[in-house]
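# Descriptive structure summary
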Amino acid sequence: MDPMYKRILFAALILPLVSAAPNELIKPKAPATRPATQPAQVPPPLTHYMGREIAQTMHWQGAGWLTREEREKEEDCTTMVKQLKVQPGQTVCDLGAGNGFYTLWLAKLVGEKGRVLAVDIQPEMLEVLTNKMAALQIHNVRPILGTITDPRLPPRSVDLILMVDVYHEFDHPFEMVQAMSRALKPRGRIVFVEFRREDPKVPIKDVHKMTEAQVRKEMAAQPVEWSETIEVLPRQHIIVFKKKADKSE
Ligand SMILES: C[S@@+](CC[C@H](N)C(=O)[O-])C[C@H]1O[C@@H](n2cnc3c(N)ncnc32)[C@H](O)[C@@H]1O
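To keep things clear, this report deals only with the structure shown in the data block. (Residues numbered from 1 in each chain as written. Predicted model: local features only at pLDDT ≥ 70, side-chain atom pairs only at ≥ 80, totals over all residues. Heavy atoms only, no water.)

### Section: helix 6 (residues 123-136)
- With 14 residues, helix 6 should reach 20 Å at 1.5 Å per residue; the first-to-last C-alpha distance of 20 Å fits that figure.
- Residues of helix 6 that are buried include every one of M125, L126, L129 and M133, and no others. Mapping the buried residues of helix 6 onto a view down its axis gives an arc of 90 degrees, with all of them on the same face. With respect to the buried face of helix 6, the exposed residues turned more than 90 degrees away are E127, A134 and A135.
- Contacts made by the buried residues of helix 6 are with helix 5 (101-110), strand 4 (115-120) and strand 5 (141-145).
- Looking one or two residues past helix 6, Q137 carries a phi angle of roughly 55 degrees, positive in sign. (Helix = DSSP H or I, 4+ residues; strand = E, 2+ residues; numbered from the N terminus. Expected span 1.5 Å × (residues − 1). Buried < 20%, exposed > 50% of the residue type's maximum accessible area, 1.4 Å probe, protein only. Arc of directions from axis to C-beta. Contact = heavy atoms within 4.5 Å.)

Written as C-alpha cells, this is what we have:
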C-alpha cells in the first residue's frame, strides 16, 4: 500500500478511537450550518440557576409519556385547564408544547376566532403536532420553532402563556421569561404548572420539580408580578403571574 495512503487511513480510522490521540487530530469539524434552534449569539447554557439544578430537556422520543392514559388520573388535567379560564377569541401560547397534548385542548377553548401559538425547540415534537392538526382539521394553531433563548412570539400579542412541566428545563430561564414578557398583552398572564418539590410523595425526580418559593424568587427579577397560586391538583402547583404595567400602557 502507498505509504501516504496508509497514513491517511490510520488518521481517519484509528486515531479517533485512541483516547491519547492529540486533540487537533480528533477534533470534530465545525458544522457547516448552525441548527435553527441555536441563534448566532447564544450565551452558554446554564446547569444551575438561582440555587437550583436545571433539568435535561425531555427528548422527543419519550413524548409518548405526555399522552399516556393515566395522565388525567395522575395530574387531573381537566381541572388544570378549567383554572386557566381561557375565553373564546383569546390568543394563548402553549410554550414547550411537546406533542400537543394541551395545544389541541386549548384550540377548542379559544375557538375559531382565537388562536394557539404552540412553541417548542424540538422540530420532531412540532411535526407530531402538525400531523395531528391535519388529521383533526384544526386550523387555529400555529406551530413555532423557538430557540433556547427566544420563543419567537409576536410582541404584545398573547393573553396567556402556559408552561406545563416546562420551565424547569429552560437552560436560559432569564432570557426566556424576558422574551415571553415582551410577547404578552398588557396584564397578560404567564402560568407555571410544575410538580411540587415540597412534596416528597410526588413520584418525580427532584430536578423535574419546583417549589413555589423558587418560582417566585426567579420571577422577582422579571417584569411580571405574582397573582395567585392555585393548589387544586394532585401533584402540581399552578402559579400565575401577570405582566407588570409599563409606562406606555
Ligand atoms: C416535559 S415536556 C412537556 C410538554 C407539554 N407541555 C405537556 O405537558 O404535554 C417539556 C417540553 O418543553 C420543551 N422545551 C424545553 N426548553 C424549551 C424552550 N427553551 N423553548 C421551548 N420549548 C422548550 C421540550 O422540548 C419539551 O417538548
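### Some points on the nonpolar core
- Grouped together as the largest cluster of nonpolar side chains are 28 residues, with contacts concentrated most on M80, L84, V141, L162, V191, V193 and I238.
- Elements represented by at least two residues in this core include exactly helix 4 (77-83), helix 5, strand 4, helix 6, strand 6 (158-164), strand 7 (184-196) and strand 10 (236-243).
- Not counting the four nearest positions on each side in its chain, L162 is found in contact with M80, L84, C93, D94, L95, Y102, L106, V191 and V193.
- Membership of the second largest hydrophobic core comes to 27 residues, among which are I144, M163, V166 and M219. (Core = buried A, V, L, I, M, F, W, Y, C linked by side-chain atoms within 4.5 Å.)

### Description of the site of the ligand
- Near the ligand you find 22 residues, and of these R71, G96, D120, Q122 and V164 are the closest.
- In the model, an oxygen atom of the ligand is placed 2.8 Å from a nitrogen or oxygen of the R71 side chain.
- By residue class, the composition of the shell around the ligand is 13 nonpolar, 5 polar and 4 charged. (Near = heavy atom within 4 Å. Polar contact = N/O pair within 3.5 Å; in protein donor to acceptor, adjacent residues only side chain to side chain. Nonpolar A, V, L, I, M, F, W, Y, C, P; charged D, E, K, R; others polar.)

### Some remarks on unusual backbone geometry
- At M50, a residue that is not glycine, the phi angle is positive and equals roughly 45 degrees.
- Assignment of secondary structure puts M50 in the loop between strand 1 (48-49) and strand 2 (52-53).

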